[in-house]
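Observations on the three-dimensional arrangement
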Amino acid sequence: MIQGLPTSHPADTVLRVVSITNALRGLQSLGAILDRLLYEARKLVRADAGTIFLVDGGDLVFSYVHNDSLFNADAVTRHVYLASRLPVDGTSLAGFVARKAAPLVIDDVYAMDPALPVHFNDSFDCRTGYRTRAVASLPLVSSRGRVVGVMQLINPADDDGRPTRFSPADIVLLTLLADQATAIVESGLVTEEFILRMARMAELRDPAETGPHVRRVGNYAAEICHVLAIRQGLSVPEAKRRKDMMRVAAMLHDVGKVGISDRILRKPGPLTSDEYAVMKGHTLLGATLFANPVSEVDAWSRDVALYHHQHFNGAGYPGQADTLPGHARDVAPPLSGEDIPLPARITAVADVYDALVSQRVYKPPFAPTEAARIIAEGSGSQFDPAVVEAFFSIEDVIAAIRCRYPE
Ligand SMILES: [Fe+2]
Ligand SMILES: [Fe+2]
């Protein structure tokens, strides 16, 4: 059970909401914002579980889940990717809240008044064996009146940890937090869209770099990065921060392809050696987009763009100086082993794995088991063995990501 704070003076609780929103403002990516918002909301009302849904078109997308009773961190991750969409209607509590743009509080979802125009969707409980009881579902409404998502808190406990219901004071506090946090969630959505637009620019040039490919590579890399960070003994908040930067940097791995001509990118047959040399330049072109890093995520994006085709044993590119024009040797010195930046070593595994399981003009998709065999074979030569090991430790999460973002 998440540790709650003792009941305190109303002014203290308002100050707590202010300090939470200040902390949220310091976060950049949407994932980090949603994760922290849900954590803090649960702490405020001592909720055992919670979910944030985001509105996408006419649907609600299950975007973040926490559950202390049911999951360890890996299982949570798998559920985040596996869980699906809900329509914005009365067939679920969250869908109803999104449609009405008003909060809904239920003491026991299995004893709801059948006359209510809303139903509890029990598919999550059925799938997991969890028993949802009390629910507080709040819309995240922007200053322009648009519902951007729904925050749902489940099964609160009293000061002694016993199950209880949400009090009117809890709802006031959660409403205040939801109102304050929505603008920050919206800014996270804008950043996310901006990154996707950059990735889409590369896709316009290279048909293999599709939106789903970019999202899959970003998420595989983020999860591998998280495993490695925890193994290194880093704190959970620091591991999450790195996971977030990794996702963005990996999504932009091939953004340098915007500078390669269609004649080469779309050539149906094999490339000549001169054309291949130009193609390799997408690593250097990508790096020049982040030449003056203003943030850590920029620096990671530069490293990933530059070195995602660099092999652990020093083969690949751009690290082979003989394949590059003279000036490039200063930009990208030949690297091997752990001198290759870790975000690039991680992206290399994620990108190659996804290319293997995907259809390409020059090959059919490989079965996941065959792709995994090829990755294992490359451990120590093409790929960092520690990264390959981390990849295999979360095969279920990798499979869930593959299903979440089909072509
Ligand atoms: Fe590439
Ligand atoms: Fe790629």
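Residues numbered from 1 in each chain as written. Chains lettered and ligands numbered in written order. Predicted model: local features only at pLDDT ≥ 70, side-chain atom pairs only at ≥ 80, totals over all residues. Heavy atoms only, no water.

1. Some remarks on the overall build of the protein
- A count of helical and extended segments in the protein gives 17 helices and six strands.
- Here the C-alpha radius of gyration of the protein, 23 Å, is about what a compact globule of 407 residues would show, namely 22 Å.
- Counting only C-alpha atoms and orienting by the principal axes, one finds that the protein spans roughly 70 × 40 × 40 Å.
- Taken across its 407 residues, the protein has 51% of its residues classed as buried.
- Residue pairs in contact within the protein that sit at least 24 positions apart in sequence constitute 65% of those at least 6 positions apart.
- For the protein, the computed accessible surface area is about 18400 Å², with 57% contributed by carbon and sulfur atoms. (Helix = DSSP H or I, 4+ residues; strand = E, 2+ residues; numbered from the N terminus. Rg over C-alpha atoms; globule rule 2.2 N^0.38 Å. Buried < 20%, exposed > 50% of the residue type's maximum accessible area, 1.4 Å probe, protein only. Contact = heavy atoms within 4.5 Å. Areas by Shrake-Rupley, 256 points an atom, 1.4 Å probe, with all protein chains shown as cover.)

2. A look at empty space enclosed by the protein
- In total, this model carries one cavity of 30 Å³ or more according to the counting rule given.
- In this structure, the largest cavity encloses a volume near 40 Å³.
- For the largest cavity, the full set of lining residues is Met198, Ala199, Ala202, Glu209, Val214, Met251, Leu252, His253, Asp254 and Val255.
- The element contributing the most residues to the lining of the largest cavity is helix α6 (residues 168-205), with three residues.
- Tallied by class, the residues present in the lining of the largest cavity amount to seven nonpolar, one polar and two charged. (1 Å grid on protein atoms, 1.4 Å probe; cavity = no way out; pocket = protein on both sides within 12 Å on 5 of 7 lines; lining within 4 Å. Points joined across faces, edges and corners; volume = space filled by probe spheres on them. Nonpolar A, V, L, I, M, F, W, Y, C, P; charged D, E, K, R; others polar.)

3. Focus on the pairing of strand β6 (residues 147-156)
- Buried residues dominate β6, accounting for ten of its ten residues.
- Relative to β6, strand β1 (residues 47-56) is paired through seven bridges, and the arrangement is antiparallel. Note on β6: the bridge partner recorded for Ala49 is Ile154.
- Two elements, strand β5 (residues 135-141) and β6, share seven bridges in a ladder whose sense is antiparallel. Pairing of Ala136 across the sheet is with Leu153, part of β6.
- Hairpin connection between β5 and β6: a loop of five residues separates the two successive antiparallel strands, and Gly145 in this loop has a positive phi of roughly 85 degrees. (Pairing = 2+ DSSP bridges.)

4. Focus on the sheet that holds strand β3 (residues 85-87)
- In space, the six strands of this open sheet follow the order β3-β2-β1-β6-β5-β4, with antiparallel pairing throughout. Bordering the open sheet on either side are β3 and β4 (104-106), each of which pairs with just one other strand. Each adjacent strand pair in this sheet contributes to an overall mean axis angle of 25 degrees, direction not counted. (Axes fitted to C-alpha atoms, helices over the stretch in contact; angles between N-to-C directions.)

5. What about unusual backbone geometry?
- Geometrically, the link from Tyr317 to Pro318 is a cis peptide bond, its omega value of 10 degrees lying close to zero.
- Note on placement: Pro318 falls in the loop between α12 (296-307) and α13 (328-331).
- If you check the backbone angles, Ala101 has positive phi at about 55 degrees while not being a glycine.
- Tracing the backbone through its elements, the reader meets Ala101 in the loop between α4 (93-100) and β4.
- The phi torsion at Asn155 lies on the positive side, around 50 degrees, for a residue other than glycine.

6. Digging into the packing of aromatic side chains
- If you walk through the whole model with that rule in mind, you get seven aromatic pairs.
- Aromatic side chains Phe391 and Phe392 sit 5.2 Å apart centroid to centroid with 85 degrees between the ring planes, which places their arrangement in the edge-to-face category.
- Note on Phe391: relative accessible area 1%, which makes it buried.
- Classification of Phe392 by relative accessible area gives partly exposed; the value is 27%.
- Connected via pairs of aromatic rings, a cluster forms that spans Tyr220, Tyr353, Phe391 and Phe392. (Phe/Tyr/Trp six-rings, centres within 6.5 Å; stacked < 30°, edge-to-face > 60°.)

7. Some details on the coordination of the iron ion (ligand 1)
- Coordination of the iron ion (ligand 1) by the protein is provided by Asp254 (OD), His282 (NE2), His308 (NE2) and His309 (NE2), with metal-donor distances spanning 2.0 to 2.2 Å.
- Here the iron ion (ligand 1) is ringed by four donor atoms whose angles at the metal span 82 to 173 degrees, and the overall shape comes out irregular.
- Sequence spacing of the donors to the iron ion (ligand 1): D-x27-H-x25-H-H.
- Owing to a relative accessible area of 3%, Asp254 belongs among the buried residues under this scheme.
- We classify His309 as partly exposed; its relative accessible area is 22%. (Donors = N, O, S within 2.8 Å, 3.2 Å for Na, K, Ca; no water. Tetrahedral: all angles 85-135°; square planar, octahedral: opposite > 155°, others 65-115°.)

8. Observations regarding the layout of surface pockets
- Estimates place the volume of the second largest pocket at around 1100 Å³.
- Residue lining of the second largest pocket: 38 residues in total, with Ala208, Lys257, Met279, Arg360 and Tyr362 positioned closest to the centre.
- Sorting the residues of the lining of the second largest pocket by element identifies α9 (262-265), α10 (273-280) and α14 (342-357) as the ones contributing at least two each.
- With five residues, the single largest contributor to the lining of the second largest pocket is α14.
- Across the lining of the second largest pocket, the residue classes break down as 17 nonpolar, eleven polar and ten charged.

9. As for the nonpolar core
- Of all hydrophobic cores here, the largest spans 43 residues; its most connected members are Ile224, Met246, Leu252, Ile346, Tyr353 and Ile375.
- Excluding residues that lie within four positions of it along the chain, Leu252 makes contacts with Ile195, Met198, Ala199, Phe290 and Ser301. (Core = buried A, V, L, I, M, F, W, Y, C linked by side-chain atoms within 4.5 Å.)

10. Side note on the domain arrangement of the protein
- In terms of domains, the protein is made up of domain 1 (10-185) and domain 2 (206-404).
- Between the C-alpha centres of domain 1 and domain 2 the distance comes to 35 Å. (Domains from an automatic or database assignment.)

11. Looking at α4
- Where burial is concerned, most of α4 is hidden: six out of the eight residues are buried.
- Those residues of α4 lying buried are Leu93, Ala94, Gly95, Phe96, Val97 and Ala98.
- Close packing links the buried residues of α4 with β1, β2 (59-67), β3, β4, β5 and β6.
- Within two residues after α4, Ala101 carries a phi angle of roughly 55 degrees, on the positive side.

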